[in-house]
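For reference, the chains in residue letters:
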Protein chains: 2
Amino acid sequence: RIKASSLKLRFCTNETQATREKFVKKLQGLGFDISVDEVTAPAPAACRVLKERSLRPHLLVHDDVVPEFAEIDKANPNCVVIGDAADNFSYANLNEAFRVLIGLENPVLISLGRGRYYKETDGLKLDVGAYMKALEYACDIQAEVVGKPAKMFFESALAELGVQPQQAIMIGDDIVNDVGGAQQCGMRALQVRTGKYR
Amino acid sequence: RIKASSLKLRFCTNETQATREKFVKKLQGLGFDISVDEVTAPAPAACRVLKERSLRPHLLVHDDVVPEFAEIDKANPNCVVIGDAADNFSYANLNEAFRVLIGLENPVLISLGRGRYYKETDGLKLDVGAYMKALEYACDIQAEVVGKPAKMFFESALAELGVQPQQAIMIGDDIVNDVGGAQQCGMRALQVRTGKYR
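Residues numbered from 1 in each chain as written. Chains lettered and ligands numbered in written order. Predicted model: local features only at pLDDT ≥ 70, side-chain atom pairs only at ≥ 80, totals over all residues. Heavy atoms only, no water.

**Q** Is there a simple way to think about the sheet that holds strand β8 (residues 144–145) of chain B in this case?
**A** In any sheet, the strands associate via hydrogen bonds between backbone groups, in a parallel or an antiparallel arrangement. Residues and elements named next belong to chain B. Pairing within the open sheet is parallel, and its four strands lie in the order β3-β4-β5-β8. Every interior strand has two partners, whereas the edge strands, β3 (57–60) and β8, have only one. In this structure, β3 lies alongside strand β4 (residues 79–82), joined through four bridges in parallel fashion. Bridge pairing links Leu59 to Val81 in β4. Sheet contacts for helix α2 (residues 42–52): β3, β4 and β5 (109–111); angle to β5, the most-contacted strand, approximately 155 degrees. (Pairing = 2+ DSSP bridges. Helix = DSSP H or I, 4+ residues; strand = E, 2+ residues; numbered from the N terminus. Contact = heavy atoms within 4.5 Å. Axes fitted to C-alpha atoms, helices over the stretch in contact; angles between N-to-C directions.)

This is how it looks when you write it as structure tokens:
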């Protein structure tokens with residue numbers, strides 16, 4: 001119905017375990033009329049930051065999101081990008097990411113989110129935020145978060161739509177990441193009582 | 001020479017990758033006249049805390065330090081003890097420790113240290129402090145640290161010697177863990193310019 005109206009629409013997700021292509025296919029399967037260029041997600045947001053600042057990342061992310069970084073130069077890394085890497089969060093991989101950071105004159109850590117944990121069918125799992133904190137502490141640095149609720153994430157979505165914050169409304173089920181993040185950006189926001197709402 | 005004098009002596013270590021027995025054998029091999037009952041270490045300090053407060057730990061520690069917890073009841077855990085677990089810091093083990101904590105009404109996390117990283121022959125490694133921070137963030141709690149520079153660690157050593165803080169002097173190579181910790185406890189302290197001193 002929104003699509004049939006003259007309203008502009010954009011899907012904002014913190015999904016970092018898949019490419020936008022895979023994410024869109026899943027939603028299409030659920031009956032949503034959605035295409036890849038209507039999606040704002042942390043990995044492409046990170047790519048914009050990397051390009052703008054000539055950063056070459058060492059990636060500690062999920063295998064399925066690696067294709068989003070296909071066009072990014074990753075040789076001789078001068079920063080680390082961390083996402084919800086799941087099984088890739090091994091002792092060896094964490095030490096490797098740490099060594100890249102601690103070896104840099106100005107360590108830059110970009111995190112695709114700051115979630116604490118999430119639930120899967122086989123139980124609760126630590127989310128990217130926990131591992132981000134581990135690297136922050138070890139290197140005595142602050143990560144830059146590019147997913148929701150980061151201001152720059154909502155600003156990208158607004159820029160892609162070509163509208164001002166006060167012209168937009170954010171709809172989501174997460175009071176901190178969706179509603180809080182949008183409000184801090186000057187948008188109005190609406191919390192739906194579905195999904196993860198309790 | 002200290003042993004030949006009337007001075008009382010105690011060895012305070014943050015070693016959590018081995019039992020005191022193993023640690024003492026290593027030092028004996030280097031020519032030190034030292035026995036197990038002269039050593040204050042984080043694992044036995046943790047065991048005292050566990051017994052005093054009727055805590056049953058889920059252990060996320062190095063295999064070689066597990067024997068220190070032999071006499072502790074670990075069934076139906078109501079806290080987590082974390083040490084420098086090295087290869088045991090797997091994604092699965094971290095999720096398991098997290099699930100124990102988040103399932104408790106009052107999550108108690110006891111950490112055998114707060115080190116950020118250390119150096120081994122094959123490079124830098126994340127230390128227990130980084131993983132402690134990850135669990136702290138995920139559970140929104142504060143860990144209780146029982147190794148140096150925690151006050152209770154030096155207090156145990158003093159109690160074992162039967163002396164007051166102002167009667168003792170701490171000698172070590174680490175300005176924060178050895179010197180700072182001891183001073184916060186009312187002891188005098190002396191930094192040697194050997195070992196990790198730079």
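**Q** Sorry if this is basic, but what is going on with the pattern of salt bridges here?
**A** Close approach of charged atoms allows side chains with opposite charge to pair. Applying the stated criterion to the full structure yields 18 salt bridges over all chains. The salt bridge involving Arg53 of chain A is made with Glu144 of chain A; its shortest N-O contact spans 2.7 Å. On the criterion of sequence distance, the pair formed by Arg53 of chain A in the loop between α2 (42–52) and β3 (57–60) and Glu144 of chain A in strand β8 (residues 144–145) is long-range, its members being 91 residues apart. Asp178 of chain B is paired through a salt bridge with Lys148 of chain B; the nearest N and O atoms lie 2.8 Å apart. (Salt bridge = Lys/Arg side-chain N within 4 Å of Asp/Glu carboxyl O.)

**Q** For this particular structure, what's the right way to read the interface of chain B and chain A?
**A** It is common to give the size of an interface as the accessible area that goes away when the parts come together. Between chain B and chain A, the residue contacts involve 29 residues of the former and 29 residues of the latter. A combined buried area of about 2,600 Å² lies between chain B and chain A, and 64% of that area is made up of carbon and sulfur atoms. When the buried surface of chain B facing chain A is broken down by residue, Tyr91, Leu126 and Tyr137 of chain B rank first, second and third, together holding 32% of it. Where chain B meets chain A, there are zero salt bridges. Linking chain B with chain A are 10 residue pairs in polar contact (both at pLDDT 80 or more), by the criterion used here. Elements that contribute at least two residues to the side of chain B that touches chain A include exactly α3 (91–102), β6 (117–120), β7 (123–126) and α4 (128–139) of chain B. (Buried area = accessible area lost by both parts, 1.4 Å probe. Polar contact = N/O pair within 3.5 Å; in protein donor to acceptor, adjacent residues only side chain to side chain.)

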